[in-house]
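A structural walkthrough
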Amino acid sequence: MIKFISGGVCASKGFMANGVHAGIRKNRGKNDLGVVFSKTPCTAAAVYTTNLVKGAPLTVTKKHLENGVARAVICNSGNANTCNANGIEIAESMSKLLADELNIDSSDVVVASTGVIGQPLSIEPIKNAIKPLCAGLSEKGNLESAYAIMTTDTTPKEVAVEFTIDGKVCHLGGMAKGSGMIHPDMATMLVFITSDVKISSEMLKKALSTDVQNTFNMLSIDGDTSTNDMVTVLCNGEAGNKEIVSEDEDFAIFMKALNTVTVALCRKIAGDGEGATKLLECKVLNAKDIKTAKGVAKSVICSSLLKAAMFGADANWGRVLCAIGYSKEKVDVNKIDVNFKSVAGEINVCKNGASVDFSEEQAKEILLKNEIEIIIDLKDGEFTVAAWGCDLTYDYVKINGDYRT
């Protein structure tokens, strides 16, 4: 039994968080420096962007997590520490400043940064804000921290769940930022997850690397993979369960809890895509194998033409078939059914790869809602996957046309 609860990254025992305005962003009303801290050491795992251009914080974090242990996360927004000559120095300085204030080892710090790429980042505002940032650490500071990592996001994104392992009540929560430069090519956003489950570093790495293949790697906003992004998980064992060291029943429960949180975060990110008015979920049913299902779902959810049609509430199902056709997956196009679904109902718009007589008025009513399902039945097997994205609107161009200015 997995139950949604409040608390985000602070829902798990032993975790505190905070966020402050350090002065990196011009708007004094916006937090731009956040921290998450565990009172005890954690096993830790992370996955990173595959973009060849990587922010210095990723290089530093990867080095820090070589031993699979961490205690804290620090992240700034408003100015990405990427393509800066002194980027490594800045990232290491951020780690040391936090570590010294919290009396921990700097190698136990996960460091992250998001915002404009290629703009010099001064350590001074971060240095000046470290004391108030740490002094304000609280078991209720999750929202302040979630606000601190936002860039073009319009709302903070956090999720938490409660479940039982080994007779012990456990928790797992996370926060994410992501609105643009998001595309399936792990990782494509910043996600920080905490849990009080006791699990070995090896099993945590396996859990995360497995989960992202069906969650964050199935998420696309605009086809651009960012340079700064990663997903990290910290588990401090405060729940008191017997340590998970193998793929047993307890591991399966942990995986289910992790997946519940990551899917929820995927939906929140997709629904808050830059300029978006609609969350799109593409479900591919009855594929012959998982590769085919994923390839089709990704191709459809990434189609700019399809995304534009969804913005206009236009049931142009031909764009779905077109995207399937260039997915390079081997499917029988003469078997494909396509349905559109929302809270307003469900309508079949394509049967066996051909048009059917359907009500354009009913289809428009369905597509006018803010959450749309695009259901594709390949009728060729038993594998099913989902991918998430959003519509493509005028505002996406407006936001990115003057992102720096």
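Our subject is the structure that appears above.
Scoring rules and cut-offs
Residues numbered from 1 in each chain as written. Predicted model: local features only at pLDDT ≥ 70, side-chain atom pairs only at ≥ 80, totals over all residues. Heavy atoms only, no water. Axes fitted to C-alpha atoms, helices over the stretch in contact; angles between N-to-C directions. Helix = DSSP H or I, 4+ residues; strand = E, 2+ residues; numbered from the N terminus. Parallel < 35°, antiparallel > 145°, perpendicular 65-115°, else oblique. Left-handed = near helix turned anticlockwise from the far one by under 90°. Contact = heavy atoms within 4.5 Å. Nonpolar A, V, L, I, M, F, W, Y, C, P; charged D, E, K, R; others polar. Pairing = 2+ DSSP bridges. Buried < 20%, exposed > 50% of the residue type's maximum accessible area, 1.4 Å probe, protein only. Lys, Arg positive; Asp, Glu negative; His and termini not counted. Salt bridge = Lys/Arg side-chain N within 4 Å of Asp/Glu carboxyl O. Expected span 1.5 Å × (residues − 1). Arc of directions from axis to C-beta. Right-handed = clockwise from strand over helix to strand, strands pointing away. Phe/Tyr/Trp six-rings, centres within 6.5 Å; stacked < 30°, edge-to-face > 60°.

What follows covers the packing of helix H7 (residues 290-301) against helix H9 (residues 318-325). Pairs of packed helices are described in terms of their axes, by the angle between the two and the distance that separates them. Remark: H7 packs on H9, axes separated minimally by 8 Å, with the N-to-C direction vectors making an angle of 130°. Judged by the inter-axis angle, H7 sits oblique to H9. In this structure, the crossing between H7 and H9 has a hand that is right-handed. Counted together, Val-296, Ser-299 and Val-300 of H7 and Val-320, Ala-323 and Ile-324 of H9 form the full contact between these two elements. Tallied by class, residues from the contact of H7 with H9 come to five nonpolar, one polar and no charged.

A few words now on unusual backbone geometry. In this model, Asn-103 sits at a positive phi of 60°, which is unusual for a non-glycine residue. Its location among the elements puts Asn-103 in the loop between helix H2 (87-102) and strand S5 (109-113). In this structure, Asn-352 is a non-glycine residue whose phi angle is positive, near 55°. You can see Asn-352 is positioned in the loop between strand S12 (345-351) and strand S13 (354-355).

Overall, mixed pairing links the six strands, which are arranged S13-S12-S11-S14-S10-S15 in an open sheet. Edge positions in the sheet fall to S13 and strand S15 (383-390), since each of these pairs with one other strand and no more. Two strands pair when backbone bridges link them, and strand S11 (residues 337-342) and strand S14 (residues 371-377) are joined in this way by five bridges, in the antiparallel orientation. Of the residues in S14, the one forming a bridge with Val-338 is Ile-376. Across the sheet, H7 is in contact with strand S10 (279-287), S14 and S15; its angle to S15 comes to roughly 20°. Strands S11, S12 and S14 of the sheet are contacted by helix H10 (residues 360-367), whose axis makes an angle of about 120° with S12.

Note that Glu-243 resides in the loop between strand S9 (230-235) and helix H6 (249-271). A relative accessible area of 35% places Glu-243 in the partly exposed class. When neighbours within four sequence positions are excluded, Glu-243 is seen to be in contact with Lys-198, Ile-199 and Ser-200.

Looking now at the side chain of Asp-196. Examined against the element boundaries, Asp-196 turns out to sit in the loop between strand S8 (190-195) and helix H5 (201-212). For the buried Asp-196, which has no salt bridge, the nearest side chain bearing the opposite charge is Lys-13, at an N-O separation of 5.4 Å. Those residues in contact with Asp-196 that lie beyond four places of it in its chain are Ser-12, Lys-13, Cys-170, His-171, Asn-236, Gly-237, Glu-238, Ala-239 and Asn-241.

A few words now on the packing of H5 against H6. Viewed as axis vectors pointing N to C, H5 and H6 meet at an angle of 45°, and their least axial separation amounts to 10 Å. For the element pair H5 / H6, the angle class is oblique. Of the two elements, H5 crosses H6, and the hand of that crossing is right-handed. Residues Met-203, Leu-204, Lys-206, Ala-207, Leu-208, Thr-210 and Asp-211 of H5 form the contact with H6, whose own contacting residues are Phe-251, Phe-254, Met-255, Leu-258, Asn-259 and Thr-262. Grouping the constituent residues of the contact of H5 with H6 by class yields eight nonpolar, three polar and two charged.

Position of Val-331 among the secondary structure elements: in the loop between H9 and S11. Considered as a pair, Val-331 and Thr-210 are 121 residues apart in the sequence and their alpha carbons are 26 Å apart. Not counting chain neighbours up to four residues away, the residues in contact with Val-331 comprise Thr-292, Val-296, Ile-324, Ile-336 and Leu-378.

Each α-helix winds once per 3.6 residues, and so residues spaced three or four apart point in a common direction. With 16 residues, H2 extends 23 Å between its outermost C-alpha atoms, agreeing within 8% with the 22 Å of an ideal straight helix rising 1.5 Å per residue. Every buried residue of H2 is accounted for by Gly-87, Ile-90, Ala-91, Met-94, Ser-95, Leu-98, Ala-99 and Leu-102. Seen along its axis, H2 keeps its buried residues to an arc of 165°; they face one direction. In this structure, the buried side of H2 is in contact with strand S3 (33-48), helix H1 (56-64), strand S4 (69-76), S5 and helix H3 (124-135). A positive phi of about 60° marks Asn-103, the residue just after H2.

With that settled, the discussion passes to the pairing of S5. Here S5 lies mainly inside the structure; five of its five residues are buried. Bridge count for S4 against S5 is five bridges, and the pairing is parallel. Counterpart to Ile-74 in the pairing with S5 is Val-111. What joins S4 to S5 is H2, and the crossover it makes is right-handed.

Evaluation of the coordinates by the stated rule reveals one aromatic pair. On the basis of an interplanar angle of 85° and a centroid distance of 5.3 Å, the ring pair of Phe-311 and Tyr-394 is categorised as edge-to-face. Of the two residues, Phe-311 sits in helix H8 (residues 304-311) while Tyr-394 sits in helix H11 (residues 394-401), which places them 83 residues apart along the sequence. Judged by its relative accessible area of 62%, Tyr-394 falls in the exposed class.

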